[in-house]
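# Chain and residue survey
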Amino acid sequence: MLIHEASKKCGLTRKAIEYYVDQKLVLPQVLENGYRDFDEANVERLKKIASLRRLGVPVQSIREILDGEGLAVLCKVNERKKMEIEAETAKQALLDRLYETQDWDDVYARLDALEKNQTVLRRLLDVFPGYYGKYIKLHFGRFLNEPVLNAEQQEAYNEVVAFLDNMRFDLPKELVQYLDEITKDVDETFFSNVSSNMDEMISNPQAFLTKHRECMEEYKKVTASDEFRTSTAFRLREALTKLNSENGYNDVFIPAMKKLSPAYRAYHEGIQKANELFLHEM
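Okay, so let's go over this structure. In this text the structure is predicted, and so the values were computed from the model without any measurement.

### A closer look at a nonpolar patch on the surface
Together, L2, L31 and Y35 give the surface a local cluster of nonpolar side chains, amounting to about 260 Å² of exposed area. Looking at where Y35 falls in the secondary structure, it is placed in the loop between strand 1 (29–30) and strand 2 (36–37).

### Details of the layout of surface pockets
In this structure, the largest pocket occupies an estimated 2,100 Å³ of space. Looking at the largest pocket, it is lined by 45 residues, and the ones nearest its centre are Y135, M198, Y219, R237 and I271. Listing elements by their share of the lining of the largest pocket, those giving two or more residues are helix 7 (130–141), helix 9 (173–183), helix 10 (188–203), helix 11 (205–223), helix 13 (232–247), helix 14 (249–260) and helix 15 (262–281). Broken down by element, the lining of the largest pocket gets its largest block of residues, nine residues, from helix 15. Taken together, the residues that form the lining of the largest pocket break down as 31 nonpolar, ten polar and four charged. Of the voids in this model, the second largest pocket is the one considered here, and its volume is about 420 Å³. In terms of lining, the second largest pocket is formed by 22 residues, of which the most central are E86, L114, N117, Q118 and N145. Counting residues per element, the lining of the second largest pocket draws most heavily on helix 5 (residues 71–101), which supplies seven residues. A per-class count over the lining of the second largest pocket returns ten nonpolar, five polar and seven charged.

### Notes on the packing of helix 8 (residues 151–166) against helix 14
One can describe the packing of helix 8 onto helix 14 by two numbers: an axis separation of 8 Å at closest approach and a directional angle of 145°. The element helix 8 and its partner helix 14 pack so that their crossing is left-handed. Across from E152, Q153, A156, Y157, E159, V160, F163 and L164 in helix 8, the residues of helix 14 making contact are Y249, V252, F253, A256, M257, K259 and L260.

### Things to note about empty space enclosed by the protein
Applying the stated rule across the entire model yields one cavity of 30 Å³ or more. Volume-wise, the largest cavity comes out at about 80 Å³. Residue lining of the largest cavity: A113, K116, N117, V120, F143, L144, E146, V148, Y157, L260 and S261, and that is the complete set. Examining the composition of the lining of the largest cavity, we find that four residues originate from one element, helix 6 (residues 104–127), more than from any other. By residue class, the composition of the lining of the largest cavity is seven nonpolar, two polar and two charged.

### Focus on helix 2 (residues 14–22)
Those residues of helix 2 not exposed but buried are A16, I17, Y20 and V21. Down the axis, helix 2 shows its buried residues gathered within 140° of arc, on one side only. Across from the buried face of helix 2, at angles greater than 90 degrees, the exposed residues are K15 and D22. Where helix 2 is buried, its residues touch helix 1 (3–10), strand 2 and helix 3 (40–54). Backbone geometry just after helix 2 places K24 at a positive phi near 60°.

### Looking at the nonpolar core
Counting 36 residues, the largest nonpolar core has L124, F128, F140, F169, F253 and M257 as the members making the most contacts within it. Those elements giving two or more residues to this core turn out to be helix 6, helix 7, helix 8, helix 9, helix 13, helix 14 and helix 15. Excluding residues that lie within four positions of it along the chain, M257 makes contacts with F140, F143, L144, V160 and Y264. Residues L12, Y20, L25 and A50 belong to the second largest nonpolar core, which totals 23 residues.

Calculation notes
Residues numbered from 1 in each chain as written. Predicted model: local features only at pLDDT ≥ 70, side-chain atom pairs only at ≥ 80, totals over all residues. Heavy atoms only, no water. Patch = residues over 30% accessible without salt bridge, like charges linked within 9 Å, V, L, I, M, F, W, Y side chains within 5 Å. Areas by Shrake-Rupley, 256 points an atom, 1.4 Å probe, with all protein chains shown as cover. Salt bridge = Lys/Arg side-chain N within 4 Å of Asp/Glu carboxyl O. Helix = DSSP H or I, 4+ residues; strand = E, 2+ residues; numbered from the N terminus. 1 Å grid on protein atoms, 1.4 Å probe; cavity = no way out; pocket = protein on both sides within 12 Å on 5 of 7 lines; lining within 4 Å. Points joined across faces, edges and corners; volume = space filled by probe spheres on them. Nonpolar A, V, L, I, M, F, W, Y, C, P; charged D, E, K, R; others polar. Axes fitted to C-alpha atoms, helices over the stretch in contact; angles between N-to-C directions. Left-handed = near helix turned anticlockwise from the far one by under 90°. Contact = heavy atoms within 4.5 Å. Buried < 20%, exposed > 50% of the residue type's maximum accessible area, 1.4 Å probe, protein only. Arc of directions from axis to C-beta. Core = buried A, V, L, I, M, F, W, Y, C linked by side-chain atoms within 4.5 Å.

Next up, the structure:
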């Protein structure tokens, strides 16, 4: 079909279709007379493009969704959109607060904390791929709501942002695909359960070990097996360990997060104490 018929079927203007053709988002056949011939597959793709654009998805992300990692990219775009909505809701609440209190200093401090939170979360989503990016955002997000109150925290914030701006998360494609596969079901409910278990472990490591010893011993047995050492899971673990060591994740990012967020510092210290106990008793 010619462009005018394709336009009727997909609900896009001729000008919009021509733009997406120029951007190579859709590739119709070019006839001998120079006219473009759109088939049904082209029209279905244009419908998807139209839906994504109406949802506010930028062209580059549309390209990645349709031609690249598909749902993993859509997950990341969805998380960004959620953040935008949450930020607008928070700003509306601050505007209401300002109207009620006329406390400009208080609202300024809260707005500054919100913007810093959003800045770090956006970078976490950008750096880490697919569903794993959502997991990392959820993990650190709950520690990023505290205000920056002193020069040390401001310096730490700058270090976190600079680290994420320069970090390159380079893994072989098959490991990225595997990482997507094992994190694709992570959502707020799943992560809330994980967080509750971690908090339980930190608050009383000995009781946690007693309660979960059998499961932990089985995990230790599995990860020490020859079968595990030849698995994709083992390769991913080793690759992540090497990557974190090389890019300064453990030496730069984590120390900066501990300075930035007192809550994260307490969490990290609790994890270390629990790990020392588990290594000693298992």
